[in-house]
Amino acid sequence: MDQELFHQEEPKVVCGLDEAGRGPLAGPVVAAAVILPEIFPFSVLGDSKALTEKQRLEAEIIIKEKALYWAIGIATAKEIDRINILQASLLAMQRAFGKLQKQVAIDLALVDGNQKPNLDCPTKAIVKGDATVAQIMAASILAKNQRDRYMVLCDEKWPLYQFSKHKGYPTEEHRKACLLYGLSPIHRRTFHIALSGKPETKQAQLF
């Protein structure tokens, strides 16, 4: 973990930002913003993609209890279709950041990846930051858990797609359900569906 940001001559309020849900065929993209204190049980953090669900949920409890500030922002499937997934991901981060900015002045924002949202403070994009920077790890965990919970609720409303199982990601089972039943209101209509082994349906766009 990169903790040197906590040991600068002039202490800064550092916000970590990350999103979850860029790859799925359905559902929103969810972002989180987190500001951690200098003293924090950093050992509970890790790359959200490498942690088990149990580890993520346990870490989430600690993050929400001990973080100085945290917030969630989302961009809906309709927004993703309208402005594209990259811009929607940045929009979700802007919304999460905006919630924190109403509570505290932020000196620096650290964002996972190589793209930066337009924020009212210096911003640094860090490739693989979700595996190396504590604030980004915490944000990634919150975003992932929040999105997973949303997709479980969607499964109750649209059980044909089994969203609780794949969380909207393009598994073959999910693609087949889309081809069989059409799209639900939370599907991203600008995304494409390709079934492995069935070239006649490859890149078939569903509307």
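Just above sits the structure.
Let us look at the structure shown here. (Residues numbered from 1 in each chain as written. Predicted model: local features only at pLDDT ≥ 70, side-chain atom pairs only at ≥ 80, totals over all residues. Heavy atoms only, no water.)

**Structural notes on the side chain of His174**
This is how it is decided: Helix and strand assignments come from DSSP, with helices taken as H or I runs of at least 4 residues and strands as E runs of at least 2, each series counted from the N terminus. Any N or O atom pair separated by 3.5 Å or less is treated as a polar contact, with the protein-specific requirement of one donor-capable and one acceptor-capable atom, and with residues adjacent in sequence counted only for side-chain atom pairs. Every residue pair with non-hydrogen atoms within 4.5 Å of one another is taken to be in contact.
Locating His174 in the fold gives a position in helix α6 (residues 172–181). Within the structure, the side chain of His174 is placed 3.0 Å from the side chain of His187, a separation counted as a polar contact. With near-sequence residues (within four places) excluded, His174 lies in contact with Leu25, Ala26, Phe163, His166, Gly168, Tyr169 and His187.

**Structural notes on the packing of aromatic side chains**
Note the cut-off: Two aromatic rings from Phe, Tyr or Trp, using only the six-membered ring of Trp, form a pair when their centres are within 6.5 Å; if the ring planes differ by under 30 degrees the pair is stacked, by over 60 it is edge-to-face, and anything between is tilted. In this analysis the charged atom, NZ for Lys or CZ for Arg, is taken to sit over a ring once it is within 6 Å of the ring centre and within 35 degrees of the ring normal.
In this structure the tally under the stated criterion is 3 aromatic pairs. Each ring, one from Tyr161 and one from Phe163, has its centre 5.4 Å from the other, and the planes form 15 degrees; the classification is stacked. Put simply, the rings of Tyr161, Phe163 and Tyr181 touch in pairs and so form one group of aromatic residues. Lying across the ring of Phe191, Arg188 places its NZ or CZ 5.2 Å from the centre.

**Some thoughts on the nonpolar core**
Soluble, globular proteins show a tendency: their nonpolar side chains are buried together. Which entries qualify depends on this criterion: Nonpolar cores were defined as sets of buried Ala, Val, Leu, Ile, Met, Phe, Trp, Tyr and Cys residues, with membership established by side-chain atoms within 4.5 Å. Between buried and exposed lies partly exposed: a residue is buried under 20% and exposed over 50% of the maximum accessible area for its type, with that area taken using a 1.4 Å probe on protein chains only.
Counting 27 residues, the largest nonpolar core has Cys15, Leu17, Val29, Phe97, Leu100 and Ile106 as its most contacted members. Every element with two or more residues in this core is listed here: β1 (14–20), β2 (29–35), β3 (69–75), α3 (85–101) and β4 (108–112). At 8 residues, α3 tops the list of elements feeding residues into this core. Contact partners of Cys15, with chain neighbours within four places excluded, come to Ala33, Val34, Ile35, Phe97, Leu100, Ile106, Leu108, Ala109, Leu110 and Gln135. In this structure, Ala32, Leu45, Ala67 and Ile141 belong to the second largest nonpolar core, which totals 20 residues.

**Considerations on the environment of Lys64**
Mapped onto the fold, Lys64 is located in helix α1 (residues 53–66). A relative accessible area of 29% means that Lys64 is categorised as partly exposed. Along the chain, Lys64 and Ala138 lie 74 residues apart, while their C-alpha atoms are 9.4 Å from each other. Residues in contact with Lys64, not counting those within four places in the same chain, are Trp70, Leu142 and Arg149.

These figures capture arrangement, not role.
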